[in-house]
Amino acid sequence: GDILTTMQTSAVHTGAAVELMLHALIGALFILVYLAAGMMLSVPLTLASMGLAALAYVVVVPRFRKGFTQGEEEKASTDALAAYLVDTLAGIKTVKTFRNEDRHSAEFHEVARRFQHIVVRIQDNRILAGLATEPFIMALVVALVIVSVSVLKMPAVYLLTFFYIF
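As the structure is a prediction and not an experimental result, all values here were calculated from the model. (Residues numbered from 1 in each chain as written. Predicted model: local features only at pLDDT ≥ 70, side-chain atom pairs only at ≥ 80, totals over all residues. Heavy atoms only, no water.)

**So, the overall build of the chain**
Here's step 1: For the chain, the helix and strand inventory stands at five helices and zero strands.
Here's step 2: The buried share among the 166 residues of the chain stands at 17%.
Here's step 3: Carbon and sulfur atoms form 73% of the exposed surface of the chain, whose accessible area is close to 12300 Å². (Helix = DSSP H or I, 4+ residues; strand = E, 2+ residues; numbered from the N terminus. Buried < 20%, exposed > 50% of the residue type's maximum accessible area, 1.4 Å probe, protein only. Areas by Shrake-Rupley, 256 points an atom, 1.4 Å probe, with all protein chains shown as cover.)

See the structure below:
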């Protein structure tokens, strides 16, 4: 049984790795096509947009990492809650026999409190990310428009085409 489980897990991980590599390759291809199209319209504007995209990456990625960490904590808390319930409900007669209801109730409330705490933190992170991300991206777009019209003296048709592509 262990060998079969190991083989199945390895096959799943191998398939996931191949799929991930394929997605990365397709993403790289699209980036190259977008950059080529942008460079045909305006090299300075494309370079400016790449700089602003790098800035957005630096600002947004820490929020995603925090969300990922909180997601892992939520999964661990959910697993702990489910395991506690299964273990306690399976042995409920033993709990009643030894009169441990108060201790088990306190343990359950602690596990449930930790779960509620992480869920609230995740919701707070989602709200803050939504409030911060949209205005930040809008400010980047406005800055790009100002640079393209004022500094680069781009015609409006090129600018609209650029924003349509990107």
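Having put the structure on the table, let's press on.
**Some points on the nonpolar core**
Here's step 1: Core analysis: the largest hydrophobic core is formed by five residues, namely Leu45, Leu144, Met154, Leu159 and Phe162.
Here's step 2: The residues contacting Leu159, other than those within four sequence positions of it, are Leu45, Val145, Ser148, Val149 and Met154. (Core = buried A, V, L, I, M, F, W, Y, C linked by side-chain atoms within 4.5 Å. Contact = heavy atoms within 4.5 Å.)

**Description of the confidence of the model for the chain**
Here's step 1: This prediction gives the chain a mean pLDDT of 77; 81% of its residues lie at or above 70.
Here's step 2: No element of the chain has a lower mean pLDDT than helix 3 (residues 92–97), which averages 60, and none a higher one than helix 4 (residues 101–151), which averages 80. (pLDDT = per-residue confidence, 0-100.)

**Details of the side chain of Gln70**
Here's step 1: Following the sequence through the fold, Gln70 ends up in helix 2 (residues 43–90).
Here's step 2: Overall, Gln70 belongs to the buried group, its relative accessible area being 2%.
Here's step 3: Beyond its immediate stretch of four places on either side in the chain, Gln70 contacts Ile118, Arg121, Ile122 and Asn125.

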